[in-house]
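Examination of the molecular architecture
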Amino acid sequence: MKVLVCISSVPDTTAKINFTGDGKEFDKNGVQFVINPHDEFSLTRAVQLQETQGAKITVITVGDASVEPVMRKALAIGADDAIRVNADARDHFFVATQIAKVAKEGGYDLILTGKESIDYNGGAVPGLVAGLLDYGFINGCVGLTVNGTSVEAVREIDGGKETLSGEFPLVIAGQKGLVEETELRIPNMRGIMAARTKPLNVVEAEQTESKLKVVGYVKPPSRGNVTLIDKDNVAELVRLLHEEAKVI
Amino acid sequence: MAILVYAESHDGQYKKAAFEAVSYAKSIADKSGDTVTAVAINVTDSSDSLYKYGANKVLKVSNDALKNFSPNAYAKVLAELHDGETIVLPSTNDGATIAPLLALKTNATLVTNLIAAPSNVSPFTADRKAFSGKGIETIEVTGGPKVLTVLQNAFGLKENPVSGTEETASVSVSDADAKVKVTKVEQKSSDKIDLKEAEIVVSAGRGMKGPENWGMIEEMANILGAATACSKPVADIHWRPHEEHVGQTGKAIAPKLYIAVGISGAIQHLAGVNSSKTIVVINSDPEAPFFKSADYGIVGDAFEIVPKLNEELRKFKG
């Protein structure tokens, strides 16, 4: 089976989030970029399918050359080859269009993504890819078994779980639970060496029209200093929550 | 024109998220002069609860093919019933799954995770969540149809009672429209408050020292009518169920009140709770990073403080 794993290069969780002076863009200065945490679960699941069922894995990212280190990390974790679509990951419809094109041309059976990227919190690309390709779509996937061309998946729903069955080709957006946190693969020395020579092909993007414009960014108002309450006076906390915060 | 709203339901009852979506649609309608039409799929609940938040019309769809959720089938239903320029869905698991498919079916611009009423409706200009709550992105839809999802517990419920009407709507949807079939649904007891909808959440972490000590946390939750949550480490070692994990790779929540007991406040945890209106931190370590992100804090032994706090909360609740 051919698996296409979509990964985003995102600021590390601990990065300080600042915006450029005019508030138009995220300030990348000094920021460490990593594979989007939700994508890591999908990537590891793909590597497991490679090991148990001989799946071939391609990773795809939409971005300029600065995303290549993150892509090499995915190759080091076990992907066979990579495709970078050379463009700014401007908006979700644009990104989904690029992925859908590569997925269709490459005849991929399974398109795995993370359910949302931690920077722009769109959560839109997986569904848009599925819709553009008219493939089945499983969102919030916390379990995946493949039998030939059939898939059994588990989706997290409010207060429970749903088991689903589907046929290739499918788009699946994964999250924590797709594999256990402890199973997440990290690159080892051998993987890093091999990644250097695995193919990373750069392709040009297809143009799309967008009616979605980003006006700007601001940081949310800061919370201010904490009001500390003495441990021998918890009644004071109850009073403050009622009278000051007005939340009880 | 009508703004269409997906009034999400569970077991025939409207979810709080449905009321939030109607409230949001009404905030647009108030500026644009549109009406609000809610779509209810296999709902037994009274439409009165939707009129309360501003729905002028409720379209009731009853169809066996929609008994189980299917992103494609549900998107098809909404696309068929849609007649205007705007569709609003809650950003729940289901809503967020339907939205992209629906946007493509209706040739609409998709905007997700909106957190506040639009400042302008022509062009549509509004704020959405970004950088896991560490940023706010203002977007503009320059024209044409749009599909919008509203983040839970962000915009909130706004009562705007109207005298609405109900209509039965039939749609041409069949089992064949579900590309992926549901084979089993496992639901935990539904008396537990949905973590993403809860107004108050009581959460605990490694400071509890063991799963057997959670009684006082659950008691606090009972007294306050709250949901319970936990940090990642205690979910990973199975002290608490995965569904309670809030954080970067767990759930992101935004309750009115978040009480964190024995949680140090790692950045990954904050990413899941930083949009809470009020944060209370109880921790024995005065250097715990969480205090820097809290509104109120108590430094001390949770095993002494929480029982006393429960006592005071019980007295307060009367």
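Starting afresh in each chain, residues are numbered from 1 along the sequence in its written order. The naming scheme follows written order: chains are lettered A onward, ligands numbered 1 onward. Since the coordinates come from a predicted model, pLDDT governs what is reported: local features require at least 70, and pairs of side-chain atoms require 80 or more to be given and counted, while whole-chain, interface and lining totals use all residues.

Time to look at the domain arrangement of chain B. Many authors give the size of an interface as the accessible area that is lost as the parts come together. Residues and elements named next belong to chain B. Domain parsing of chain B yields domain 1 (2-177) and domain 2 (200-317). These domain boundaries are the output of an automatic or database domain assignment. Once you take the C-alpha centre of each, domain 1 and domain 2 turn out to be 32 Å apart. Think of it this way: build a C-beta for each residue from its backbone, and any pair within 7 Å is a contact. Contact residues are listed per partner, giving five residues for domain 1 and seven residues for domain 2.

Across the boundary between the two partners, chain B contributes 74 residues, which contact 64 residues of chain A. Under the grouping applied here, Gly and all other residues not named as nonpolar or charged are polar, the nonpolar ones being Ala, Val, Leu, Ile, Met, Phe, Trp, Tyr, Cys and Pro and the charged ones Asp, Glu, Lys and Arg. Residue composition of the side of chain B that touches chain A, grouped by class: 30 nonpolar, 26 polar and 18 charged. Sheet analysis places strand E9 (residues 160-167) of chain A next to strand E13 (residues 181-187) of chain B, joined by six bridges and oriented antiparallel. Bridge pairing links Ser165(A) to Lys181(B) in E13(B). In this analysis, strands are considered paired if DSSP registers two or more bridges between them. Helix numbering and strand numbering both begin at the N terminus, where a helix is a DSSP run of H or I of at least 4 residues and a strand a DSSP run of E of at least 2.

Strand order in the open sheet formed by 10 strands is E11(A)-E5(A)-E4(A)-E1(A)-E6(A)-E10(A)-E7(A)-E8(A)-E9(A)-E13(B), and the pairing between neighbours is mixed. Since the sheet does not close on itself, it has two edges, and those belong to strand E11 (200-203) of chain A together with E13 of chain B, each with one partner. Going from strand to strand, the sheet's axes swing by 30 degrees on average, the running direction of each strand aside. One ladder, built from five bridges, connects strand E6 (residues 110-114) of chain A with strand E10 (residues 170-174) of chain A; its direction is parallel. Axis definition: a line fitted to C-alpha atoms, over the contacting stretch in the case of helices. Angles run 0 to 180 degrees between N-to-C directions.

Let us now look at unusual backbone geometry. The amide bond that connects Phe168(A) to the next residue, Pro169(A), takes the cis arrangement and shows omega of -10 degrees. Secondary-structure assignment places Pro169(A) in the loop between E9 and E10. A cis amide bond links Ser122(B) with the next residue in sequence, Pro123(B), at an omega value of 0 degrees. In this model, Lys209(B) sits at a positive phi of 70 degrees, which is unusual for a non-glycine residue. Secondary-structure assignment places Lys209(B) in the loop between strand E14 (200-204) and helix H5 (215-224). Whether a residue is buried, exposed or partly exposed follows from its count of other C-beta atoms within 10 Å of its own C-beta, namely 20 or more, 12 or fewer, or something in between, respectively; the C-beta atoms are built from the backbone. Judged by the 11 C-beta atoms lying within 10 Å of it, Lys209(B) falls in the exposed class.

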